[in-house]
Amino acid sequence: MRKALIVTVLVLGLMWTGDLSAQQRGGTLRVGQARSPVSLDPHLGVSLHEFHVLYAIFDGLVMYDENLGLRPGLAESWQRVDSRTWVFRLRKGVKFHDGTDFDAAAVKWNVERIKNPETRARVRDLEVVDAVEVVDPHTVRFRLRTPTGLLPTFLAERGGLMVSPAAVQRLGPDHGRQPIGTGPYRFVEWKADDHITLARWEQYWDRDAAYLDRIVYRIIPDESVLVTNLRGGQVDLVMDVPPKDLGGLKREGSLAVHQRPGLGFYWINLNSGAPPFDKKAVRQALALALDRPAMLRGLYFGAGTPAAGPVAPASWAFNGALKPPGRDLALARRKLAEGGLPNGFTFKMLVGSTPMYRTNATAVQAQLDEIGVKAELEIAETVKVLQQVVARTYQASSTIWIGLNPDPDLVLHPLYHSQGLFNKDRYRNARVDELLDRARAAEGQDERRALYRDAVDLIVEDAADLWLYHPDVTAAMSRKVRGVPLPADGRLRIRGAWLEP
Amino acid sequence: MGASIAGRIALTVPTLLLVSGLVFSLLLLLPGDPVLLILGPEASPEERQTLARELGTDRPVPVQYLAWLTRALQGDLGRSPRTQQPVVRAIGERLPPTLELAGLGMALAIAGGGILGLAAAWRPGSWLDRLSLGVCTLGVAVPTFWLGILLVLGLSLHLGLVPPSGYVPPREGLVANLRAMVLPAITVAATMGAVIARTVRASVVEVAGETYVVTARAKGLPEVAVFLRHVLRNALAPILAVVGLQVGRLMGGMVITETIFAIPGIGRLAVDSVLARDFLTVQGVVLVMAVWVLLANLAVDVLHLVADPRIRRL
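On a predicted model such as this, the values are computed, not experimentally measured, just so you know. (Residues numbered from 1 in each chain as written. Chains lettered and ligands numbered in written order. Predicted model: local features only at pLDDT ≥ 70, side-chain atom pairs only at ≥ 80, totals over all residues. Heavy atoms only, no water.)

> Which parts of the structure should I look at to understand the overall build of chain A?
When you go through chain A residue by residue, the secondary structure sums to 15 helices and 20 strands. Computed over C-alpha atoms, the radius of gyration of chain A comes to 24 Å, within 12% of the 23 Å expected from 2.2 N^0.38 for 501 residues, which places it in the range of a compact globule. Taken along its principal axes, the extent of the C-alpha atoms in chain A is 70 × 65 × 45 Å. Taken over 501 residues, chain A has a buried fraction of 56%. The long-range share in chain A, meaning contacts at least 24 apart out of those at least 6 apart in sequence, stands at 70%. Distance from the positive charge centre (65 side chains) to the negative charge centre (59 side chains) of chain A: 2 Å. (Helix = DSSP H or I, 4+ residues; strand = E, 2+ residues; numbered from the N terminus. Rg over C-alpha atoms; globule rule 2.2 N^0.38 Å. Buried < 20%, exposed > 50% of the residue type's maximum accessible area, 1.4 Å probe, protein only. Contact = heavy atoms within 4.5 Å. Lys, Arg positive; Asp, Glu negative; His and termini not counted. Charge placed at Lys NZ, Arg CZ, Asp CG, Glu CD.)

So this is what it looks like as structure tokens:
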């Protein structure tokens, strides 16, 4: 008892010193990651892991806090003037790493660059913007095509990361290789497939954001070797830890492992625009044939949450009362009969070349087999899968939906609105359309939450797709690394990070 | 001899043309549209058409190939639509680590394989011969990726002798560079060394049984002279041929070693580009690899001429 008390006091004491010790300036943080960015131009890339680097070099007009709430970034405040007009007030005295000024003209230039088809930006969010007007050097007005309350959220994503107009004009296509932003760290060097080096931007507007002298991102493509580098102390921090290594890393005393529910999901995308999945009862039968908790445990080392629908537990619109359907083969068979296919059927499932897609597909195939539904797996390059999904010449595909943001609009609208970016001619429910439209235009979060929950109830009742599980987001780091939060989007936020000497 | 070498060099030009044409048509057989990959599934048909026109993928294949060839002959391999980087620069950045790894791996394989093979041939059937056979069988059988990971775990994580992965350019310190290269070079050399060792053994044992070797010994020549002048020299031709083949194969196996040890080399560039349907980069890399294989074959041919005077007279 006394021993326990002493230990508790000691532990608490340690925690206190940890919290109270002042942030240290200096040092080099070595980040290890398996995948190399393709481009560091925030408007041109698409890969999620690029954010690990982008957020160090670039500031958003709007930024996320640790809970993915919005907070001021390069814009100090914003205001919705009417349903289609927003005004943003910009921070004064901010400079790009090339010494040029950040101002309203730069914002206008950036948005127009993204909207120019010749740029080939993959930032579709800003299509909602009709025009940006410079009110004065530190105020811009956004005029929208359609009313949306989501503009600040869009401006916290790629579309709000401001690049230096002068640098892009000077460097042309090379800007993606030597990016110039306003962020806490400036670009120093990129040795292809090897490392990217950043250094503190001494003129940064927030002195409490940039404690490190340097950040080196080392690209180590083999996951086992990446983890070995972390265990051996050759790198200090690894994001997106392979699930199989989480257990082992947690046992290492010198490392801290962070893990929390993420926003995305592994799923079997069903083409409900064509037989056999145009029948609701058939889709429901499939949904009832799966044991999601067992898949999560067996295939993903338990690093996630079984999925009840497309909105993840990490989202503010998540409905905890909604549970994943339990496995019920008798009911599944009845549903098949109801759908007019009592003896089961055969369908083709496209599987991308990523190993997890294949593992999930095989497990689903085995479970569906028990109700007489035969899935023929067609393993193909991810590009080919993408092509057939776009052309709607597929029946089902095994893939992942990467959750970007806790706002449910960003998953529900593209996937389940009849006009959604990735849904055209697939899932249709007039009631869902109406709820999503109303939620998009609505103002307060409470009102929107209620609308989204109703929409999700309908989508789940329709069994629009087979949602399997939401993978956790993870990071593992040396205990010397401090001040690195892990928000539910799994992106590395390096601002405020520091190293214990 | 000079004319013979010149002839071989002249042959490389049509070979390169053939290879590049073949690769170009092979790439078009790959499923997946590069345009879709660049623009994403959300792009409209008009956007896709515009990009296809810009990349030239909407034109007939022979026209595309000729356009590429014309520019390639002027030293312009184009700009990757994926990374926006000039292909020449992308390859230039990655060539030195790959060449260093290939060179070190080859040196290690020739030295190790040579010693192992000669040791086995010294007394055929002895315990040394059997040991050599065992080592070689392991060397050929063990998959590269497994050996690589094992070396990382054993020599780096547990013993801490060398860094687990990464590349240090020689100008940043030769010692650090070599330390980082030890494990990858061993990994590259394992299979190659084993094959060389077996060839050395077979060739030397065969020549050692020839009558002229017996004669040389009967004349009373010292063992070392018999070996160097009569056995080794005559055994060299098949060994050279096998080494040449291995050098060509080296490039193909490089990608696994580069991936495991995080070496920013040309193998990884090739694989990444194929997966991303970055045809321009793939074309460039294949061209470089073809040149490498041709040069390796040329070098072996020249060495043959030097080693074996009989060929010179043909």
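> Looking at this structure, how should I read a nonpolar patch on the surface?
A grouping of Trp127(B), Leu128(B), Leu131(B) and Val135(B) is seen on the molecular surface, where their side chains present a nonpolar patch of about 410 Å² in accessible area. Among the secondary structure elements, Val135(B) is positioned in helix α6 (residues 127–141). (Patch = residues over 30% accessible without salt bridge, like charges linked within 9 Å, V, L, I, M, F, W, Y side chains within 5 Å. Areas by Shrake-Rupley, 256 points an atom, 1.4 Å probe, with all protein chains shown as cover. Salt bridge = Lys/Arg side-chain N within 4 Å of Asp/Glu carboxyl O.)

> Is there a simple way to explain the interface of chain A and chain B in this structure?
How large an interface is tends to be reported as the accessible area lost when its parts come together. Contacts between chain A and chain B engage 31 residues on the former and 42 residues on the latter. Taken together, the links from chain A to chain B amount to five salt bridges. Residue Glu47(B) pairs with Arg124(A) through a salt bridge whose shortest N-O separation is 3.4 Å. Elements with a minimum of two residues in the side of chain A that touches chain B: β10 (214–219), α6 (223–231) and α12 (382–391) of chain A. Taken together, the residues that form the side of chain A that touches chain B break down as 12 nonpolar, six polar and 13 charged. (Nonpolar A, V, L, I, M, F, W, Y, C, P; charged D, E, K, R; others polar.)

> Which parts of the structure should I look at to understand empty space enclosed by the protein?
The probe, sized like a water molecule, is rolled over the atoms to show the empty space still left. Evaluated as defined, the whole model comprises two cavities of 30 Å³ or more. The computed volume of the largest cavity comes to approximately 60 Å³. Of the residues that constitute the lining of the largest cavity, the class distribution is seven nonpolar, two polar and no charged. Approximately 40 Å³ is the volume attributed to the second largest cavity. (1 Å grid on protein atoms, 1.4 Å probe; cavity = no way out; pocket = protein on both sides within 12 Å on 5 of 7 lines; lining within 4 Å. Points joined across faces, edges and corners; volume = space filled by probe spheres on them.)

> What should I look at first to understand the confidence of the model for chain B in this one?
Detailed reading of the predicted coordinates is not advisable wherever pLDDT is low. Looking at chain B, the pLDDT average stands at 87 and 98% of residues meet or exceed 70. The complex model carries a pTM of 0.88, and its ipTM stands at 0.85. (pLDDT = per-residue confidence, 0-100.)

> So what exactly am I meant to see when it comes to the sheet that holds strand β7 (residues 139–144) of chain A here?
Backbone-to-backbone hydrogen bonds join strands into a sheet, with any given pair of strands oriented parallel or antiparallel. Residue and element names in this part refer to chain A. Strand order in the open sheet made by the four strands is β4-β5-β7-β6, with antiparallel pairing throughout. One side of each edge strand has no neighbouring strand; the edge strands of this open sheet are β4 (75–82) and β6 (129–136). Averaged over neighbouring strand pairs, the angle between their axes works out to 20° when direction is ignored. Looking at chain direction, β4 and strand β5 (residues 85–90) are connected through six bridges and run antiparallel. The residue bridging Ala75 from the neighbouring strand is Leu90, located in β5. Helix α3 (residues 104–115) contacts β5, β6 and β7 of the sheet and is inclined by roughly 165° relative to β6. (Pairing = 2+ DSSP bridges. Axes fitted to C-alpha atoms, helices over the stretch in contact; angles between N-to-C directions.)

> Can you walk me through the side chain of Thr98(B) in this structure?
Residue and element names in this part refer to chain B. Mapping Thr98 onto the fold places it in helix α5 (residues 87–122). Of the polar contacts made by the side chain of Thr98, one reaches the backbone nitrogen of Ile266; its length is 2.8 Å. Not counting residues up to four positions away in its chain, the partners in contact with Thr98 are Met251, Met254, Glu258, Gly265 and Ile266. (Polar contact = N/O pair within 3.5 Å; in protein donor to acceptor, adjacent residues only side chain to side chain.)

> Just checking my understanding: could you explain the layout of surface pockets for this structure?
All names here are of chain A. Taken as a whole, the second largest pocket holds about 460 Å³ of empty space. Sort the elements by how many residues they give to the lining of the second largest pocket and strand β2 (residues 62–64) lands first, with three residues. Grouping the constituent residues of the lining of the second largest pocket by class yields 13 nonpolar, four polar and eight charged.

> Is there a simple way to think about unusual backbone geometry in this case?
Look at the link from Pro275(A) to Pro276(A): it is a cis peptide, with omega at 0°. Here Pro276(A) is to be found in the loop between β13 (265–270) and α8 (280–288).

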